[in-house]
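A structural walkthrough
Residue-level listing of the chains:
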Amino acid sequence: MVLGIVFFASCSDSDNKDTPKDFNGIYSTTSTDRVLDLKYSNAVFIGKSVDFNSADGKSATLKLQGVVPGESETVFSSVPLESGSSVYTFSAENKNDSRTVTLEGSIVKGKLTVNVNVKFAQNELMKTWDFSAVKMSWTKPHDYLLTEVDLGFTKMKITTGLLATMAPTMLAKELKNYLQNVTFREDGNIVATYNTATVTEENPEPEADWQSSPLNLAQYCVKDGVCYVFLSLDMIMRQVDMDQEGRSTGTDPILGAVEQLLANGIPVHFEKTVGADGKDALYVYLDEVLLKQLGPLLPMVESLIPEDMAFEASILGKTISVPIGPILENLPGALEVTTAMQVGLQFKGAE
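The structure reproduced in this document is the subject of the present report. Because the structure is predicted, anything quoted here is derived from the model rather than measured.

A few words on the overall build of the chain. Check the secondary structure of the chain and you find seven helices and 23 strands. A total of 351 residues make up the chain; the buried ones form 39% of that total. When contacts within the chain are restricted to residue pairs at least 6 apart in sequence, long-range pairs at least 24 apart make up 54% of them. Only carbon and sulfur atoms are counted for the fraction: they give 51% of the accessible area of the chain, which is about 19,900 Å².

Structure (structure tokens):
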């Protein structure tokens, strides 16, 4: 009788054991019912989801949604499932001419763990580039009036063409204090070396503290000669919260608008050349098509800028102060009639 009871209990436990078919569903990094623990290049990646489906309990189909740069969905079919005591493990590879994606992971009731690694084919951007300069051209229209600056004896008109002449020098000077280089990695990540030192009244010129940006904040892929950049807003805001504990981001209207804009990636044009010194040079820029899309966001940006904020520019040997507020206020009108414009950064190959 004792043996019979033990045998019956063992059979009942076996019959009630969860199988992969019981785990089917979409797992996300924000869910509490179907939790996704996702890592990309061994680094945490939030704001994503994976669809798990097993028809027979022996193999499964996994659909990575927005995980691989440039792919809205990456499908792994007929992935074998290895059974453990209560955990099922798996590994698979998805390969084409442009990249190789490998994954491994495990699933239990309520939780899917996935580690993803990607290796893209070599492209012209894939290396480290040192920041060099800012470049801007605004040729059509070059004479759109943005604001006027009172010089005392006369007023100077700040047009789009004049702004394109003045702004690069000022921006480059500032950026060199904060941006050292940018690396386009083979896994599709963009990593920047930036200065994290904080300027204070007591220490207005702190010693530079150069650090590398975390993985999975910004990614890229190259298609038909265009670099598409993908920003992970969830990862960016996670990093902001880590740097500035307590900052609220849930109702930021700018983030909502940007999220819609970035759904298909930011198209960034690039030109690779060889400089006079024989080293590789790179120019990456945005054109008027994308900048017009950004136009509706400018009023929101303007509301965040202090009324007295200005930048200094040198005109004919005279230093003038140009207010930023009126320029931002008039930029949407200028962009609306713009037919030719570029704003970009110049880099040189790192040593």
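Text resumes after the structure shown.
Strand order in the open sheet formed by nine strands is 16-15-14-11-23-20-19-18-17, and the pairing between neighbours is antiparallel. Pairing within the sheet leaves two strands with one partner each, and these edge strands are strand 16 (210-212) and strand 17 (218-223). Mean inter-strand twist for the sheet, computed between neighbouring axes without regard to direction, equals 30 degrees. Of the strand pairs in this sheet, strand 19 (residues 266-274) and strand 20 (residues 280-287) are connected by six bridges, and their pairing is antiparallel. Bridge assignment links histidine 269 to a residue of strand 20, and that residue is tyrosine 285.

Following the criterion strictly, the structure yields five salt bridges and no others. Across the pair lysine 127 and aspartate 280 runs a salt bridge whose closest N-O atoms are separated by 3.4 Å. Of the two residues, lysine 127 sits in the loop between strand 10 (111-120) and strand 11 (128-140) while aspartate 280 sits in strand 20, which places them 153 residues apart along the sequence. Taking relative accessible area as the criterion, lysine 127 reaches 28% and is therefore assigned partly exposed. Accessibility expressed as a relative area gives 25% for aspartate 280, which makes it partly exposed. Put simply, lysine 272 and aspartate 280 hold a salt bridge, and the shortest N to O gap is 3.8 Å. Overlapping salt bridges bring together Lys127, Lys272 and Asp280 as one network.

This part covers the nonpolar core. Phe52, Leu112 and Val116 are the most contacted members of the largest nonpolar core, which totals 53 residues. Considering each element in turn, this core owes the most residues, five residues, to strand 10. Leave out the neighbours within four places in its chain, and leucine 112 touches Tyr27, Val35, Leu36, Asp37, Val50, Phe52, Phe90, Ser106 and Ile107. Met136, Leu146, Met156 and Leu328 belong to the second largest nonpolar core, which has 23 residues in total.

What follows is about the packing of aromatic side chains. Applying the stated criterion across every chain yields a total of five aromatic pairs. When the ring of tyrosine 40 is compared with that of phenylalanine 45, the centres are 5.7 Å apart and the planes differ by 70 degrees; the resulting orientation is edge-to-face. When the centroid spacing of 6.1 Å and the interplanar angle of 75 degrees are considered together, the rings of phenylalanine 131 and phenylalanine 347 count as edge-to-face. Pair noted here: phenylalanine 131 is in strand 11 and phenylalanine 347 is in strand 23 (residues 340-349), with a separation of 216 residues, a long-range link. Taken individually, phenylalanine 131 and phenylalanine 347 each receive the classification buried, so the pair is uniform in this respect. Between the NZ or CZ atom of lysine 127 and the centre of the ring of tryptophan 129, over which it lies, the distance is 4.9 Å. The ring of tyrosine 283 carries the charged tip of lysine 135 above its face, separated from the ring centre by 4.6 Å.

As a further point, take the environment of isoleucine 46. By the secondary structure assignment, isoleucine 46 is in the loop between strand 3 (43-44) and strand 4 (49-53). Classification of isoleucine 46 as partly exposed rests on a relative accessible area of 23%. Considered as a pair, isoleucine 46 and valine 67 are 21 residues apart in the sequence and their alpha carbons are 9.7 Å apart.

The next subject is helix 7 (residues 324-336). Between its first and last C-alpha atoms helix 7 spans 19 Å; for 13 residues at 1.5 Å apiece the expected length is 18 Å, and the two agree. When we look at burial in helix 7, the residues that qualify are Gly325, Ile327, Leu328, Leu331, Ala334 and Leu335.

The next subject is the environment of leucine 291. If you trace the backbone, leucine 291 turns up in helix 5 (residues 288-294). Separated by 45 residues in sequence, leucine 291 and glutamate 336 place their C-alpha atoms 9.7 Å apart. Dropping the residues within four chain positions of it, leucine 291 is found in contact with Leu286, Leu335, Met341 and Val343.

Locating asparagine 216 in the fold gives a position in the loop between strand 16 and strand 17. At a separation of 3.3 Å, a polar atom in the side chain of asparagine 216 contacts the main-chain carbonyl oxygen of alanine 43.

Cut-off values and rules
Residues numbered from 1 in each chain as written. Predicted model: local features only at pLDDT ≥ 70, side-chain atom pairs only at ≥ 80, totals over all residues. Heavy atoms only, no water. Helix = DSSP H or I, 4+ residues; strand = E, 2+ residues; numbered from the N terminus. Buried < 20%, exposed > 50% of the residue type's maximum accessible area, 1.4 Å probe, protein only. Contact = heavy atoms within 4.5 Å. Areas by Shrake-Rupley, 256 points an atom, 1.4 Å probe, with all protein chains shown as cover. Pairing = 2+ DSSP bridges. Axes fitted to C-alpha atoms, helices over the stretch in contact; angles between N-to-C directions. Salt bridge = Lys/Arg side-chain N within 4 Å of Asp/Glu carboxyl O. Core = buried A, V, L, I, M, F, W, Y, C linked by side-chain atoms within 4.5 Å. Phe/Tyr/Trp six-rings, centres within 6.5 Å; stacked < 30°, edge-to-face > 60°. Lys NZ or Arg CZ within 6 Å of the ring centre and 35° of its normal. Expected span 1.5 Å × (residues − 1). Polar contact = N/O pair within 3.5 Å; in protein donor to acceptor, adjacent residues only side chain to side chain.

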